[in-house]
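# Structure assessment
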Amino acid sequence: VVPAGPGAGGPAPATPVAPTVPNWVNFGYSLADWPGYSVATLSTCTYTTMSAAIAGFNGGKGIIDARGCSSAINFSSYQKLDLTNDLVIFTNAGFDLQGSAGFNATKAVSLFLITPDYTTESPATPTCVSGSFTVGGGFTFDKDISTIIYTPCQVNIGSGINYWGQIFGGKTKID
């Protein structure tokens, strides 16, 4: 507030403190990190094979090990995956989530979308070997899904995406 009339005014506002950002954490694939989860290993990553894997968990917690898939996990065109419990998807090729596709849930669940980083350097830095992570074009995450995205590559989130969770990426671009 500046007092009425001529004068220097009040003191300058305090300089904001810069946030502390943690160092990069290399996160690989280890089943020991996921006790209580069942695993489905896929070499073909389509909407159909993903839906079948989720159904095969019979309502329990599941890991889809899609590291053997040669192309990015791609959902689009009204393809909705219904989650009944916590789900983890690992892929080395990245994610391309577009169109009117999405993840649905009728209760609170956790979703982990992971492109692992296996580097052993110290201090760790993100090492993007292949694949990026893209969410755009009307893709939806149900409000009951808490999602964590992890990739050493770039994460691209398009405009109009409702997302509840955290992003841990080598780079990010959020419209």
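Just above, that's the structure.
Figured I'd write up the structure that's included with this text. (Residues numbered from 1 in each chain as written. Predicted model: local features only at pLDDT ≥ 70, side-chain atom pairs only at ≥ 80, totals over all residues. Heavy atoms only, no water.)

Next up on the list: the overall build of the chain. Regarding its fold elements, the chain presents one helix and 12 strands. The linear arrangement of helices and strands in the chain, starting from the amino end, is β-α-β-β-β-β-β-β-β-β-β-β-β. Relative to the compact-globule value of 16 Å for 175 residues, the chain shows a C-alpha radius of gyration of 20 Å, a clear excess of over 25%. In terms of principal-axis extent, the alpha carbons of the chain reach across some 75 × 40 × 30 Å. (Helix = DSSP H or I, 4+ residues; strand = E, 2+ residues; numbered from the N terminus. Rg over C-alpha atoms; globule rule 2.2 N^0.38 Å.)

This brings us to the state of the cysteines. As enumerated under the stated definition, the model contains two disulfides in all. Disulfide pairing is shown between C45 and C69; the S-S distance is 1.7 Å. Its S-S torsion of about 70° marks the bond between C45 and C69 as right-handed, since a negative value means left-handed. Residue C45 is located in the loop between β1 (38–41) and α1 (47–56), and its partner C69 is located in the loop between β2 (62–65) and β3 (73–75); the two are separated by 24 residues in the primary sequence. Summarising the burial analysis for this pair, C45 and C69 share the class buried. The disulfide partner of C128 is C153, and the gap between their sulfur atoms is 2.0 Å. An S-S torsion of about 95° defines the bridge between C128 and C153 as right-handed. Here C128, found in the loop between β8 (109–114) and β9 (133–135), pairs with C153, found in strand β11 (residues 145–157); they are 25 residues apart in sequence, far enough to count as distant. (Disulfide = S-S within 2.5 Å. Buried < 20%, exposed > 50% of the residue type's maximum accessible area, 1.4 Å probe, protein only.)

Tracing the backbone shows A53 in helix α1. A relative accessible area of 8% places A53 in the buried class. Non-local contacts of A53, meaning those with residues more than four positions away in its chain, are made with A40 and I64. (Contact = heavy atoms within 4.5 Å.)

Remark on secondary structure: sheet strands pair via backbone hydrogen bonds, oriented parallel or antiparallel. Judged by pairing direction, the sheet is parallel, and its three strands sit side by side in the order β4-β7-β10 without closing on themselves. The sheet is open, and its two borders are formed by β4 (80–83) and β10 (140–141), each paired with just one other strand. Inspection of the sheet shows β4 paired to strand β7 (residues 102–105) by four bridges, in the parallel sense. For L83, the partnering residue across the bridge sits in β7 and is A105. (Pairing = 2+ DSSP bridges.)

Here the focus is the pattern of salt bridges. All chains considered together, the criterion is met by three salt bridges. Between K143 and D144 there is a salt bridge; the shortest N-O distance is 3.7 Å. For D144, a relative accessible area of 25% corresponds to the partly exposed category. (Salt bridge = Lys/Arg side-chain N within 4 Å of Asp/Glu carboxyl O.)

This part is about unusual backbone geometry. Despite not being glycine, N58 has its phi angle at roughly 50°, a positive value. Following the sequence through the fold, N58 ends up in the loop between α1 and β2.

Now for the packing of aromatic side chains. Within this structure, the stated rule accounts for 17 aromatic pairs. On the basis of an interplanar angle of 80° and a centroid distance of 5.4 Å, the ring pair of W34 and Y37 is categorised as edge-to-face. Ring centres of Y150 and F168 lie 5.7 Å apart, and the angle between their planes is 20°; this geometry places the pair in the stacked category. Placement of Y150 in strand β11 and of F168 in strand β12 (residues 165–174) is noted, with a sequence separation of 18 residues between them. Y150 gets classed as buried once you look at its relative accessible area, which sits at 6%. (Phe/Tyr/Trp six-rings, centres within 6.5 Å; stacked < 30°, edge-to-face > 60°.)

Moving on: the nonpolar core. Core analysis: the biggest nonpolar cluster contains 34 residues, and M50, I64, L97, F103 and F141 have the highest contact counts within it. If you tally residues by element for this core, the top one is β11, at four residues. (Core = buried A, V, L, I, M, F, W, Y, C linked by side-chain atoms within 4.5 Å.)

Read these as layout, nothing more, since geometry by itself doesn't imply function.
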